[in-house]
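Report on the structure
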Amino acid sequence: MKFLIAGYGSVGRRHLRNLQALGERDILLLRSHRSTLPEEEISGIPVETSIEAALAHAPDAVIIANPTALHTQVAIPAARAGCYLLIEKPLAENMEHAQALASALAEGGGKALVGFQFRFHPALQKAAALLAEGAIGSITSGRVHWGEYLPNWHPWEDYRQGYAARADLGGGVILTLCHAFDYLPWLMGEVEVLWAFSSCLGLGLDVEDTAEIGLRFRNGATGLIHLDYVQRPPEHRLEITGSEGMLRWDNADSTLRLFRAGVGTWETFAPPEGFERNWLFMDEMRHFLSVCRGEAEPVCPLAAGLRALEIGLRARQSAADGLLQRIG
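These numbers come from a predicted model, not from an experiment.

Bringing the packing of helix 4 (residues 95-108) against helix 9 (residues 302-321) into the picture now. Between helix 4 and helix 9, whose axes approach to 10 Å, the crossing angle comes to 175°. In this view, helix 4 runs roughly antiparallel relative to helix 9, as classed from their interaxial angle. Contact residues: helix 4 offers Met-95, Ala-98, Gln-99, Leu-101, Ala-102 and Leu-105, while helix 9 offers Leu-302, Leu-306, Leu-309, Glu-310 and Leu-313.

Structural data, given as structure tokens:
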């Protein structure tokens, strides 16, 4: 298969390295040449600077790893050309562009995998299995806390120039750290209504750097999500409470803990030996290759990406106007 990678920032480089580690060599880059990464390791890889020229190489699959606001500029023509897509989250900066992508994908006949890599986390997969078997009874609430200091993400560059910090590139903490908008519905069910507050007091950016989001799920459960670009040390954890116990996951050590009320003790599920963050992306890429070969359906299809994007955009709207927002 021939692969096109759009964008050579940190995630584009990660996908390139993972494709190569899996034995793929027929790779083309679509670049703006604004990356702050060193370029020695991409020496010899063909490069194009327009999507039209890149598609003339007839790639089978396209990995969308450019800034959020530029996703659909690449994804829509690639979808119309029949390419399979691995598209980083969020799908787009607005629903209009995301819906246009859905139409283009239907027209071209390819399939899309949305890059919510936490779908491949062994602890969250275990949590999904435990919830499905009723390990904690009826789910009543969920809580996510994710705080991470933005200037530490890419210390080799000025964080203020990166997409996560810029409104014109689709940044802001709500859309950039939107993983919970995918994994909470996956684990707990569809979101029905939300409210949100946000602020930009921490870093002085023109996008929100802190957000508090409240959710009500269609099954009656409630949820809270805290996101920020400010917290040191970083923290990313999840709690799900049920009528017969609770689950706790901490991304710091990748451990899942289960409390069964009927037993009265905690059970711990440790990650596999040697587990580290890139395992998520490697498993995601292996799955994407299976999708491209027709061996699997995307575990996180375009519909899930549309749902997560709508939650994020509705949260922004609620923070702006102070009103409840209904999903769907």
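After that view of the structure, there is still more to cover.
So, about the sheet that holds strand 9 (residues 210-217). If you trace the 9 strands from one edge of the open sheet to the other, you get 14-13-12-11-7-10-9-8-15, paired in mixed fashion. One side of each edge strand has no neighbouring strand; the edge strands of this open sheet are strand 14 (265-269) and strand 15 (325-326). Bridge analysis of strand 7 (residues 139-147) against strand 11 (residues 235-242) gives 8 bridges, and the strand direction is antiparallel. Bridge pairing in strand 11 places His-145 opposite Arg-237. Taken strand by strand, helix 5 (residues 122-132) contacts strand 7, strand 11, strand 12 (245-250), strand 13 (255-260) and strand 14, and its axis lies near 20° from that of strand 13. Sitting on the sheet, helix 9 touches strand 8 (191-199), strand 9 and strand 15, and the angle it makes with strand 8 is about 55°.

Next up on the list: helix 1 (residues 10-21). With 12 residues, helix 1 extends 16 Å between its outermost C-alpha atoms, agreeing within 8% with the 16 Å of an ideal straight helix rising 1.5 Å per residue. For helix 1, every residue scored as buried is listed here: Gly-12, Arg-13, His-15, Leu-16, Asn-18 and Leu-19. The elements touched by buried residues of helix 1 are strand 1 (3-6), strand 2 (27-30), strand 4 (61-64), strand 5 (84-88) and helix 8 (278-292). With its phi angle positive at about 95°, Gly-23 sits one or two positions after the end of helix 1.

Next up on the list: the pairing of strand 6 (residues 112-115). Successive residues of a regular strand alternate their side chains across the two faces of the sheet. Here strand 6 shows two buried faces, one formed by Ala-112 and Val-114 and the other by Leu-113 and Gly-115. Where strand 5 meets strand 6, 4 bridges bridge the pair, whose relative direction is parallel. Paired with Ile-87 across the strands is Val-114, a residue of strand 6. The parallel pair strand 5 and strand 6, bridged by helix 4, forms a crossover whose chirality is right-handed.

Bringing the packing of helix 3 (residues 71-80) against helix 4 into the picture now. Where helix 3 contacts helix 4, the two axes come as close as 7 Å, and the packing angle between them is 20°. Judged by the angle between their axes, helix 3 and helix 4 are roughly parallel. Relative to helix 4, helix 3 is oriented so that their crossing is left-handed. For the pair formed by helix 3 and helix 4, the contact residues are Thr-72, Ala-75, Ile-76, Ala-79 and Arg-80 on the first element and His-97, Ala-100, Leu-101, Ala-104, Leu-105, Glu-107 and Gly-108 on the second. Tallied by class, residues from the contact of helix 3 with helix 4 come to 7 nonpolar, 3 polar and 2 charged.

A separate point is the side chain of Glu-88. Tracing the backbone through its elements, the reader meets Glu-88 in strand 5. Look at Glu-88: it is buried, it has no salt bridge, and the nearest opposite charge is Lys-89 at 5.9 Å. One polar contact links Glu-88 to His-15, side chain to side chain, over a distance of 2.7 Å. Excluding residues that lie within four positions of it along the chain, Glu-88 makes contacts with Val-11, His-15, Ile-64, Ala-65, His-71 and Gly-115.

Looking now at the state of the cysteines. Two cysteines joined by a covalent bond between their sulfur atoms form a disulfide. Summed over all chains, the structure comprises 0 disulfides. Among the cysteines around Cys-292, which has no disulfide bond, Cys-83 carries the closest sulfur, lying 9.5 Å off. On the basis of relative accessible area, Cys-292 is assigned to the buried category, the value being 12%. Take Cys-300: it sits in no disulfide, and the sulfur closest to it among the cysteines is that of Cys-178, at 9.8 Å.

Strand order in the open sheet formed by 6 strands is 3-2-1-4-5-6, and the pairing between neighbours is parallel. The sheet is open, and its two edges are formed by strand 3 (47-48) and strand 6, each paired on a single side. Relative to strand 2, strand 1 runs parallel, the two sharing 4 bridges. In the strand pairing of strand 2, Leu-4 is matched with Leu-28. Packing of helix 1 onto the sheet brings it into contact with strand 1, strand 2, strand 4 and strand 5, and relative to strand 1 it is tilted by some 160°.

Moving on, we come to unusual backbone geometry. In this model, Lys-89 is joined to Pro-90 through a cis peptide bond whose omega is -20°. Note that Pro-90 resides in the loop between strand 5 and helix 4. Going from Arg-232 to Pro-233, the amide bond is cis rather than trans, its omega being 0°. Positionally, Pro-233 belongs in the loop between strand 10 (222-228) and strand 11. With phi around 55°, Ala-58 is a residue other than glycine that occupies positive phi space. By the secondary structure assignment, Ala-58 is in the loop between helix 2 (51-55) and strand 4.

Cut-offs and rules
Residues numbered from 1 in each chain as written. Predicted model: local features only at pLDDT ≥ 70, side-chain atom pairs only at ≥ 80, totals over all residues. Heavy atoms only, no water. Axes fitted to C-alpha atoms, helices over the stretch in contact; angles between N-to-C directions. Helix = DSSP H or I, 4+ residues; strand = E, 2+ residues; numbered from the N terminus. Parallel < 35°, antiparallel > 145°, perpendicular 65-115°, else oblique. Contact = heavy atoms within 4.5 Å. Pairing = 2+ DSSP bridges. Expected span 1.5 Å × (residues − 1). Buried < 20%, exposed > 50% of the residue type's maximum accessible area, 1.4 Å probe, protein only. Right-handed = clockwise from strand over helix to strand, strands pointing away. Left-handed = near helix turned anticlockwise from the far one by under 90°. Nonpolar A, V, L, I, M, F, W, Y, C, P; charged D, E, K, R; others polar. Lys, Arg positive; Asp, Glu negative; His and termini not counted. Salt bridge = Lys/Arg side-chain N within 4 Å of Asp/Glu carboxyl O. Polar contact = N/O pair within 3.5 Å; in protein donor to acceptor, adjacent residues only side chain to side chain. Disulfide = S-S within 2.5 Å.

Spatial relationships are all this shows, so hold off on functional conclusions.
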